[in-house]
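# Secondary and tertiary structure notes
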Amino acid sequence: MALRMWASSTANALKLSSSASKSHLLPAFSISRCFSSVLEGLKYANSHEWVKHDGSVATIGITDHAQDHLGEVVFVELPEANSSVSKEKSFGAVESVKATSEILSPISGEVIEVNTKLTESPGLINSSPYEEGWMIKVKPSSPAELEALMGPKEYTKFCEDEDAAH
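What comes next concerns the included structure. (Residues numbered from 1 in each chain as written. Predicted model: local features only at pLDDT ≥ 70, side-chain atom pairs only at ≥ 80, totals over all residues. Heavy atoms only, no water.)

A few words on the overall build of the protein. Secondary structure summary: the protein contains six helices and eleven strands in total. Counting contacts in the protein only where the partners sit at least 6 residues apart, residues at least 24 apart contribute 60% of the total. Taken as a whole, the protein presents about 10100 Å² of accessible surface, with 53% of it coming from carbon and sulfur. (Helix = DSSP H or I, 4+ residues; strand = E, 2+ residues; numbered from the N terminus. Contact = heavy atoms within 4.5 Å. Areas by Shrake-Rupley, 256 points an atom, 1.4 Å probe, with all protein chains shown as cover.)

What follows is the structure, given as structure tokens:
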């Protein structure tokens, strides 16, 4: 019974459905691919961080795709305000039940604010990666770095290609 319940919940989570009542020409199971959300108005790095540029401030966090692959986030290490970050260099780490991953800065600049809520509630990265789960706010030192990042369509394709390769 426990195995049957596990199989049923796993099938639901993977969006597997039996097609026994459908045409015999269809496969026995179909998989509905569920892709993480990618928002318009943001820029994305190939290391799965996002940037929201608003005036002289850029807010940075990890993408929905990244948090989905990490699993439940249990600890976040972030830099201090007034420190500097460099493009493609580590500025912190995210620890999940699966692994610990470095967070790379998609741009260079001065950290002007750190999301201190993540110290007490690291799960905000899972539940709200683009809003309450932001990590740092930066004053960019090189605006051209923002232009080099991917837009939503490019990032979606990048993730699809990356997932297909694994």
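In this section: the sheet that holds strand S6 (residues 73-77). Spatially, the three strands line up as an open sheet ordered S6-S8-S9, and their pairing is antiparallel. Of all the strands in the sheet, just S6 and strand S9 (100-104) have a single pairing partner and so form its edges. Each strand of the sheet is rotated relative to its neighbour by a mean of 25°, with strand direction disregarded. (Pairing = 2+ DSSP bridges. Axes fitted to C-alpha atoms, helices over the stretch in contact; angles between N-to-C directions.)

Before going further, it helps to examine the side chain of threonine 63. Topologically, threonine 63 is positioned in the loop between strand S5 (57-62) and helix H2 (64-70). Threonine 63 sits in the buried class, given a relative accessible area of 0%. (Buried < 20%, exposed > 50% of the residue type's maximum accessible area, 1.4 Å probe, protein only.)

Scanning the model with the defined rule gives three aromatic pairs in all. Arranged with centres 5.8 Å apart and planes meeting at 55°, the rings of tryptophan 50 and tyrosine 130 form a pair that is tilted. Taken together, the positions of tryptophan 50 in strand S4 (residues 49-54) and tyrosine 130 in the loop between helix H4 (124-127) and strand S11 (136-140) put the pair 80 residues apart, joining distant regions of the chain. Summarising the aromatic geometry, the rings of tyrosine 155 and phenylalanine 158 are spaced 6.4 Å apart at their centres and angled 25° between planes, so their arrangement reads as stacked. Taken as a pair, tyrosine 155 and phenylalanine 158 lie in helix H6 (residues 152-165) at a separation of three residues, close to a single helical turn. (Phe/Tyr/Trp six-rings, centres within 6.5 Å; stacked < 30°, edge-to-face > 60°.)

This part takes up H6. One full turn of an α-helix is made of 3.6 residues, so residues set three or four places apart face in the same direction. Under the 1.5 Å per step criterion, the end-to-end length of H6 is 20 Å for 14 residues, consistent within 8% with the ideal 20 Å. Along H6, the residues that are buried comprise Pro152, Tyr155 and Cys159. All buried residues of H6 project into a common sector of 65° when viewed along the axis, lining one side. Exposed side chains of H6 directed beyond 90 degrees from the buried face belong to Lys153, Ala164 and Ala165. (Expected span 1.5 Å × (residues − 1). Arc of directions from axis to C-beta.)

A few words now on the pattern of salt bridges. This model, assessed by the stated rule, comprises one salt bridge. Across the salt bridge formed by lysine 157 and aspartate 161, the nearest N and O atoms sit 2.9 Å from each other. Of the two residues, lysine 157 and aspartate 161 both sit in helix H6, four residues apart, roughly one turn of that helix. (Salt bridge = Lys/Arg side-chain N within 4 Å of Asp/Glu carboxyl O.)

It is worth spelling out the pairing of S9 at this point. Here strand S8 (residues 90-96) runs beside S9; their pairing, made up of five bridges, is antiparallel. Bridge pairing in S9 places alanine 93 opposite glutamate 102. The hairpin formed by S8 and S9 contains three residues between the paired strands.

Mapped onto the fold, histidine 48 is located in the loop between strand S3 (43-44) and S4. By relative accessible area, histidine 48 is classed as buried at 11%. Of note is the side chain of histidine 48, whose polar atom sits 2.5 Å from the side chain of tyrosine 155. Histidine 48 has contacts with Gly61, Ile62, Thr63, His65, Ala66, Tyr155, Phe158, Cys159 and Glu162, leaving out every residue within four places of it along the chain. (Polar contact = N/O pair within 3.5 Å; in protein donor to acceptor, adjacent residues only side chain to side chain.)

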